[in-house]
Amino acid sequence: FDPGSKSQRVIPNKVFQSLAMGKITLTADSPAIREIAQYESILFLVPPGSGKALAEKIVHIRNKYPALKPMSEKAAEYCAQPGYARVCDIDEKIQ
């Protein structure tokens, strides 16, 4: 993930789309992403610019994937709240 200043200020729409679809989501840690309430319980974060941390987290997710189902369900519920409905509408079009 890019460690640049813009990536510290924004949250890519694909993060919200992934959460809305109930997918396990992995993204760069940033002040912007930490503004999402309950972020620790709905997505995984890695330091930007750290390929090693990214690889380790991917392996962790792969090894724990079946046990992470409740996390992905909680993410979908979070995005279904008012204010995230537009993202959920996008999800319905994708499926």
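This structure is a prediction, so every number in the text was calculated from the model and none was measured.

J.: I tried to follow the nonpolar core on my own but got confused; where do I start?
T.: Burial of nonpolar side chains together is a common tendency in soluble globular proteins. Core analysis: the largest hydrophobic core is formed by 12 residues, namely Val15, Phe16, Leu19, Ala20, Ile33, Ile36, Ile42, Leu43, Leu45, Ala75, Tyr78 and Cys79. Per element, the largest residue contribution to this core is four residues, and it comes from helix H2 (residues 13–20).

J.: Could you clarify how one ought to interpret the pattern of salt bridges in this entry?
T.: Pairing between side chains of opposite charge can happen when the charged atoms of each approach one another. Counted by the stated rule, this structure contains two salt bridges. With a shortest N-O distance of 2.7 Å, aspartate 29 and arginine 34 are connected by a salt bridge. We classify arginine 34 as partly exposed; its relative accessible area is 42%. One salt bridge in this structure joins glutamate 56 and lysine 52, with 2.8 Å as the shortest N-O distance. With glutamate 56 and lysine 52 both in helix H4 (residues 51–64) and four residues apart, this pair spans about one turn of that helix. By relative accessible area, glutamate 56 is classed as partly exposed at 45%.

J.: Help me understand the packing of H2 against helix H5 (residues 69–79), please; the structure alone is not making it clear to me.
T.: Two measures define how a pair of helices packs: the angle their axes make with one another and the distance between the axes. Between H2 and H5, the shortest axis-to-axis distance is 7 Å and the interhelical angle comes to 115 degrees. In terms of orientation, H2 lies roughly perpendicular with respect to H5. Between H2 and H5, the residues in contact are Phe16, Leu19 and Ala20 and Ala75, Ala76 and Cys79, respectively. Partitioned by chemical class, the residues of the contact of H2 with H5 number six nonpolar, no polar and no charged.

Cut-offs and rules
- Residues numbered from 1 in each chain as written.
- Predicted model: local features only at pLDDT ≥ 70, side-chain atom pairs only at ≥ 80, totals over all residues.
- Heavy atoms only, no water.
- Core = buried A, V, L, I, M, F, W, Y, C linked by side-chain atoms within 4.5 Å.
- Buried < 20%, exposed > 50% of the residue type's maximum accessible area, 1.4 Å probe, protein only.
- Helix = DSSP H or I, 4+ residues; strand = E, 2+ residues; numbered from the N terminus.
- Salt bridge = Lys/Arg side-chain N within 4 Å of Asp/Glu carboxyl O.
- Axes fitted to C-alpha atoms, helices over the stretch in contact; angles between N-to-C directions.
- Parallel < 35°, antiparallel > 145°, perpendicular 65-115°, else oblique.
- Contact = heavy atoms within 4.5 Å.
- Nonpolar A, V, L, I, M, F, W, Y, C, P; charged D, E, K, R; others polar.

By themselves, these observations are geometric and do not establish any function.
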